[in-house]
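Geometric and topological summary
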Amino acid sequence: MAKHVLLCPPEYFDVIDQKNPYMAGRLPVDREKAQRQWQALRTALEEAGCEVETIAPVPDLEDMVFAANQVFVGFHEGIGKFIVPSRMVHDSRRREVPFYVDWYRQRGFKIIEVEIGNEHLEGHGDLIWHPDWSRIYAGYGFRSTQSGVEKFRDAMSKLGIPVIPLHLVDRYCYHLDTCLCPLNDEAALIYPGAYAAESLATLREYWNRIYELTADEAHRFMGNGIVANGRYLTPHLTPHLAAILSQEGLAPVVIDTSEFEKSGGSLFCMKASLP
């Protein structure tokens, strides 16, 4: 699934304030260890056959390393490669968006501006393509707002792309990418406790095979993995997750993200998939 990705080196990564429950302890970041962990992710992606590009980090933008959030990246036969810029909840993260938009603009991506007013939309943190690009799953409740998702859905409908809104209710799963990970066109990892009942029922309709993570597995970011060329990159591995991956023909690759987990993020958060 991941073949061409964008990463941002963690040169200025830090935990400065509390944006999610994982940051409550304000644990100090080991910069050298974070750099080693980021390099391990890059190496694992390259070994899986992915082309890796990078965007230059910017001083005082400590969360810029989480390259999944600043824009939504897509492809449409009619307009080609496009992005939808995010409107992040936290001001420090909003300042990241222009740098990412410029990076994509310089590479020929069409910019689709969605007028969402004072609502919020947080890129691939909450907006996840089905692997066959037939639809987009859209989480809301903690970062992206319901109205923000609805405005995004209206914009995508003009391109003929369905958007499936999903209401998140677990504050530790504040982004959809912590509790939904497509494994292939037919199967997905989910954490059911992250969803309102109606949204959970809706989500189940779109997959032939659903595998359920436990709360502990989800809160340790095991659903925040990356599928790449028959491999599943994950920060942790339990026998339960290993059995699921085996059923879907995926080999686990464990990559320590302990420094980034202090900020409430892991592997999927740290990359943007490019068409």
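To keep things clear, this report deals only with the structure shown in the data block. No experiment lies behind these values; they were computed from the predicted model shown. The residue count restarts for each chain, going from 1 along the sequence in the order it is written. A pLDDT threshold of at least 70 governs which residues receive local features in this predicted model, and a stricter bar of 80 or more applies before side-chain atom pairs are shown or counted, although totals over entire chains, interfaces and linings include all residues. Excluded from the side-chain calculations are hydrogens and water; all other atoms, namely the structure's heavy atoms, are used.

**As for the environment of Arg87**
By the criteria applied, helices consist of DSSP H or I runs no shorter than four residues and strands consist of E runs no shorter than two, each listed in order from the N terminus. Along the polypeptide, Arg87 turns up in the loop between β4 (80-85) and α2 (91-94). Sequence-wise, Arg87 and Lys262 are 175 residues apart; in three dimensions their C-alpha atoms are separated by 23 Å. Under this definition, polar contacts are N or O atom pairs within 3.5 Å; protein pairs additionally need one hydrogen-donor-capable and one acceptor-capable atom, and for neighbouring residues in sequence, both atoms have to be side-chain atoms. One polar contact links the side chain of Arg87 to the main-chain carbonyl oxygen of Glu119, over a distance of 3.1 Å.

**Digging into the sheet that holds strand β7 (residues 136-140)**
Across the sheet, which stays open at both edges, the three strands sit in the order β6-β7-β8 with mixed pairing between neighbours. Where the open sheet ends on each side, the last strands, each with one partner, are β6 (127-129) and β8 (163-167). When strand polarity is set aside, the average angle formed by the axes of neighbouring strands in this sheet is 25 degrees. For β6 and β7, the ladder comprises three bridges, and the chain directions are antiparallel. Looking across to β7, one finds that Ile128 is bridged to Tyr137. By the convention used here, residues are in contact when the closest approach between their heavy atoms is within 4.5 Å. Axes, fitted as lines to C-alpha atoms, cover a helix only where it is in contact. Angles between the N-to-C directions of the axes lie from 0 to 180 degrees. In this fold helix α5 (residues 146-157) packs onto β6, β7 and β8, with an angle of close to 160 degrees to the strand it touches most, β7. Sitting on the sheet, helix α6 (residues 197-204) touches β7 and β8, and the angle it makes with β8 is about 145 degrees. Two strands pair if DSSP finds at least two bridges between them.

**Re α6**
Partly exposed describes any residue whose relative accessible area lies between the buried limit of under 20% and the exposed limit of over 50%, with all areas from a 1.4 Å probe on protein chains only and scaled to the type maximum. Buried within α6 are the following residues: Ser199, Leu200 and Leu203. On an axial view of α6, the arc spanned by its buried residues comes to 100 degrees, and they lie on one face. Exposed residues on α6 whose side chains face more than 90 degrees from its buried face are Ala197 and Glu198. Picture the helix axis, draw a direction to every C-beta atom, and the arc is the one those directions span.

**Topic: unusual backbone geometry**
With a phi close to 75 degrees, Asp60 is a non-glycine residue in the positive phi region. Summarising the element assignment, Asp60 is placed in the loop between β2 (51-54) and β3 (71-76). Although it is not a glycine, Asn229 adopts a positive phi angle of roughly 50 degrees. Its location among the elements puts Asn229 in the loop between β12 (226-228) and β13 (231-234). Look at Asn229 and you get exposed, because its relative accessible area is 54%.

**Some remarks on the pairing of β7**
Walk down a regular strand and you will see the side chains alternate between the two sheet faces. Where burial is concerned, most of β7 is hidden: five out of the five residues are buried. Residues Ile136, Ala138 and Tyr140 line one face of β7 and the alternating positions Tyr137 and Gly139 line the opposite face, and both faces are buried. A loop of six residues connects β6 with β7, the two strands running antiparallel in sequence, and Trp133 in this loop sits at a positive phi of about 60 degrees. Bridging between β7 and β8 involves five bridges; their strand directions are parallel. Bridging across to β8, Tyr140 finds its partner in His167.

**Focus: the pairing of strand β14 (residues 251-254)**
For β13 and β14, the ladder comprises four bridges, and the chain directions are parallel. Among the inter-strand pairings, Tyr232 is bridged to a residue of β14, identified as Pro252. Crossover handedness is defined by viewing with both strands directed away from the observer: a clockwise path from the first strand over the helix to the second marks the crossover as right-handed. Once the chain exits β13 it traverses helix α8 (residues 239-247) before rejoining the sheet at β14, and the crossover so formed is right-handed.

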